[in-house]
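# Observations on the model geometry
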Amino acid sequence: MLLNLPLPRINPYMTTAIIDKIHVAAGTAMPVGGRLFDLTLDLSTAAPHDCPPVGHYCLIVRDRVWLRRLCVAVGDEPVAGANLALFSTRPDEPLDGLLSRSARLTVIGIIPVLSWEETPP
């Protein structure tokens, strides 16, 4: 069975997300709970402030699958709904078949370590 991974709309005001980190390579078996991508959302165009509202998130796979193809690279800024990756439920499944559904995900908000560091007075 082939599964795709569209970029979820994490926030109603988001239009894009920046791919900060890719945790797996194509051909990798993904366990349930495996980390896929770290993303940054910049919502400053929708909700301007003195400092831009930025959120950091991690996409976690909720299916036992093989990552067969990455459709993005670090630094890319895909739009909401754009396909990020292609998965299969078997490691040798042909990739020319029809998609069965989207992969199940969990979206986790993360706070970068730098946010916790004190700045000198």
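Okay, so let's go over this structure.

On to the sheet that holds strand S3 (residues 29-30). Strands sit in the order S3-S6-S7-S1-S8 across an open sheet of five strands; the sheet is mixed. Edge strands, defined here as strands with exactly one partner in the open sheet, are S3 and strand S8 (99-102). Bridging between S3 and strand S6 (residues 65-70) involves two bridges; their strand directions are antiparallel. Each bridged residue has a counterpart across the sheet, and for Ala29 the counterpart in S6 is Trp66.

Looking now at the environment of Asp38. Looking at the secondary structure, you find Asp38 in strand S4 (residues 35-42). Separated by 3.0 Å, the side chains of Asp38 and His23 make a polar contact. A polar atom in the side chain of Asp38 sits 3.1 Å from the side chain of Arg35.

On to the pattern of salt bridges. This model, assessed by the stated rule, comprises four salt bridges. For Asp38, the salt bridge goes to Arg35, with nearest N and O atoms at 3.1 Å. Arg90 is the salt-bridge partner of Asp92, the closest N and O atoms lying 3.8 Å from each other. Looking at Arg90, the relative accessible area reads 44%, which means it is partly exposed. The network of salt bridges with shared partners includes Asp63, Arg101 and Arg104.

By the secondary structure assignment, Gly27 is in the loop between strand S2 (18-22) and S3. In sequence terms Gly27 and Ser88 are 61 residues apart; their C-alpha atoms lie 9.9 Å from each other. Setting aside residues up to four positions removed in sequence, Gly27 forms contacts with Trp66, Leu67 and Arg68.

Ranked by size, the top nonpolar core spans 22 residues in total, and within it Leu5, Met30, Leu36, Phe37, Leu39, Leu84 and Phe87 carry the most contacts. When residues of this core are traced back to their parent elements, those giving at least two are strand S1 (2-6), S4, strand S5 (54-61), S6 and strand S7 (83-88). Ranked by the residues each element gives to this core, the list is headed by S4, at four residues.

Right, let's get into the sheet that holds S5. Read across the open sheet, the four strands follow the order S2-S4-S5-S9; overall the sheet is antiparallel. With partners counted over all chains shown, the strands left at the sheet margins are S2 and strand S9 (105-110), one partner each. For this sheet, the mean inter-axis angle between neighbouring strands, taken without regard to orientation, is 25 degrees. In terms of strand pairing, S4 meets S5 through seven bridges, oriented antiparallel. Bridge pairing links Leu39 to Tyr57 in S5.

Definitions and limits used
- As a convention, each chain's residues are numbered from 1 in the sequence order in which they are written.
- In keeping with the model being predicted, local features are shown solely for residues with a pLDDT of at least 70 and side-chain atom pairs are shown and tallied solely at 80 or more, while totals for entire chains, interfaces and linings include all residues.
- Side-chain descriptors were evaluated using all non-hydrogen atoms of the structure, hydrogens and water having been removed beforehand.
- Strands were regarded as paired on the criterion that DSSP finds at least two bridges between them.
- Comment: elements are numbered from the N terminus, with helices defined as DSSP H or I runs of at least four residues and strands as E runs of at least two.
- Here a polar contact is taken to be a pair of N or O atoms separated by no more than 3.5 Å, where protein atoms must pair a possible hydrogen donor with a possible acceptor and residues adjacent in sequence count only if both atoms sit in side chains.
- Salt bridges are identified by distance alone: a Lys or Arg side-chain nitrogen within 4 Å of an Asp or Glu carboxyl oxygen.
- Using a 1.4 Å probe on the protein chains alone, a residue whose accessible area is under 20% of its type maximum counts as buried, one over 50% counts as exposed, and one in between counts as partly exposed.
- Whether two residues touch is decided by their heavy atoms; if any such pair falls within 4.5 Å, the residues are in contact.
- Joining through side-chain atoms within 4.5 Å is the link that ties buried Ala, Val, Leu, Ile, Met, Phe, Trp, Tyr and Cys residues into a set, and such a set is a nonpolar core.
- Interaxial angles span 0 to 180 degrees and are taken between N-to-C directions of axes, which are lines fitted to C-alpha atoms, for helices over the stretch in contact.

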